[in-house]
Amino acid sequence: MIKAAILGFGVVGCGVYEVLKQNSSQIKTKCEAGIEIKYILDIRKFPGAEYEDKVTDDFAVIENDPEIKIVIETIGGAGAAYDFTRRALERGKHVVTSNKELVATHGYELLSLAEEKNVNYLFEASVGGGIPIIRPIIQCLSANEITEIIGILNGTTNYILTMMINAGMSFEQALELAKSNGYAERNPASDIEGVDAGRKIAILASLASGHHIYPEQVVCEGIMEITLDDVRYAAEAGMVIKLLGRYKKLDGGKICVYVAPHLIGQESMLSGVSGVFNGIIVRGNAVGEVMFYGRGAGDMPTASAVVADVIDAARHIDKTKNKRLWGEGGAFTQDSKVLRQRYYIRAEGAANPAGEPSDAERLFGRLEVISGGTGGMSVFITEEMDGCEFEKALDEYKKSAMVLSCMRVLG
Ligand code: HSE
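Heads up: these notes are all about the structure in this document. Every chain begins its residue count from 1, and numbering advances along the sequence as written. Since the coordinates come from a predicted model, pLDDT governs what is reported: local features require at least 70, and pairs of side-chain atoms require 80 or more to be given and counted, while whole-chain, interface and lining totals use all residues. With hydrogens and water excluded, all non-hydrogen atoms of the structure serve as input to the side-chain values.

What to know about the pattern of salt bridges
The salt bridge criterion pairs a side-chain nitrogen of Lys or Arg with a carboxyl oxygen of Asp or Glu, the two atoms within 4 Å. For the coordinates displayed, the defined rule picks out 34 salt bridges. Arg86 serves as the salt-bridge partner of Glu90, at 3.2 Å between the closest nitrogen and oxygen. In this pair, Glu90 and Arg86 are both assigned in helix H4 (residues 80-90), 4 residues apart and thus about one turn of the helix distant. Only protein chains enter the accessibility calculation, which uses a 1.4 Å probe; a residue whose area is less than 20% of its type maximum is buried, one above 50% is exposed, and one in between is partly exposed. Since its relative accessible area comes to 27%, Arg86 is described here as partly exposed. Residue Asp312 pairs with Lys321 through a salt bridge whose shortest N-O separation is 2.5 Å. Its relative accessible area of 12% is what places Asp312 among the buried residues. Put simply, Glu124, Arg135, Asp309, Asp312 and Lys321 are held in one network by salt bridges that share partners. Starting at the N terminus, helices and strands are each numbered in turn, a helix being any DSSP run of H or I of at least four residues and a strand any DSSP run of E of at least two.

As structure tokens, then:
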């Protein structure tokens, strides 16, 4: 039996234990030796649980046990998880993680350390929950130059937006449900502020570009400002609102990486990605467009990806699999304002955008009017413009109208 330890017995840690137990005979067909959880690191004791005798609150016990070959880090964050991961790798143990914050922040350093120690640092579960996306990019799409990645990368916010769209639920009610389903982060601010999706697109951008893209290089907008009015107006235009993470390679080699809510039309495959599901479109210069879809959060889907990595580590117990996934970070990103996009605007007190000629038309070009009325609510979509042109026009428009909401439009 290959012995492993789980660090952190929260939603994902419990799921990992459960999948290893439930699917043990199936797992043995892929890893003959079998995988046994020898320790569970947690500050809680779990009296009466079947795994009670495996629980320890002392990482040194795991670190110093030469029998432990694989450490499964499901603590989250970049504090204790960083320290334990470094120490485990230093001791020549493979580390498998679902921790996007740690990979996005210290991935280059930890991958280099793993390579130096001839072990693996595997993180399939860090992006897209149960969806295979890291390995497909590393392996199946490796012949391509990845030109764009665009995806719904956060299950909690997609669940909230879906409940607002389909059930007319308020933002707060939907967030409570997401928390009780185990989708949200311990601090759900990182979900709703777009930070979690930012870490995930940073990881995908690192893989696609070959350079470590740090979370600080990703500008993130969340969904806190989105109201039921926006959701309804989007529906009137035949669109839905989705929080998207985007990586785009520009001519000249620089890249844009950002997270923001977008209106998307029904022709986009992402428009049908609902609830806790994530959807990720990858564009490669040989393959064209491919899409990955599945449950992006929750105990069992995330555990599915973690356990797959554990099996992979067990099958490559004597070597490093993924050498030099990406290089050091640097000034590789450019402000996403360079991208030309259309924008959705909801404003009050403006002249009718459908009128002749209106301020809105003068400033934003030919409009797609969703709702208009002199002095009332004006809701419209602008012509395609770059971010600087849009900001300038918006500042001017604000002199005659109270802008309640604005958002990017995809495509
Ligand atoms: N809070 C995250 C989400 C968990 O909702 O997507 C999975 O990374």
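Overview of helix H14 (residues 387-397)
Burial in H14 covers these residues: Gly387, Phe390, Ala393, Leu394 and Tyr397. Axial view of H14: buried residues confined to an arc of 130°, hence all on one face. When checking whether two residues touch, look at their non-hydrogen atoms; a contact exists if any pair is within 4.5 Å. Against the buried residues of H14 lie strand S13 (340-348), helix H13 (359-364), strand S15 (377-381), strand S16 (385-386) and strand S17 (402-409). At the N-terminal boundary of H14, the capping side chain belongs to Asp386, with an oxygen 3.0 Å from the backbone nitrogen of Cys388. Throughout, the arc means that of the directions going from the helix axis to the C-beta atoms. In the analysis that follows, any N or O atom pair within 3.5 Å is treated as a polar contact, provided that within protein one partner can donate a hydrogen and the other can accept it, and provided that, for residues neighboring in sequence, both atoms belong to side chains.

So far we have only geometry, and geometry alone does not tell us how the molecule works.
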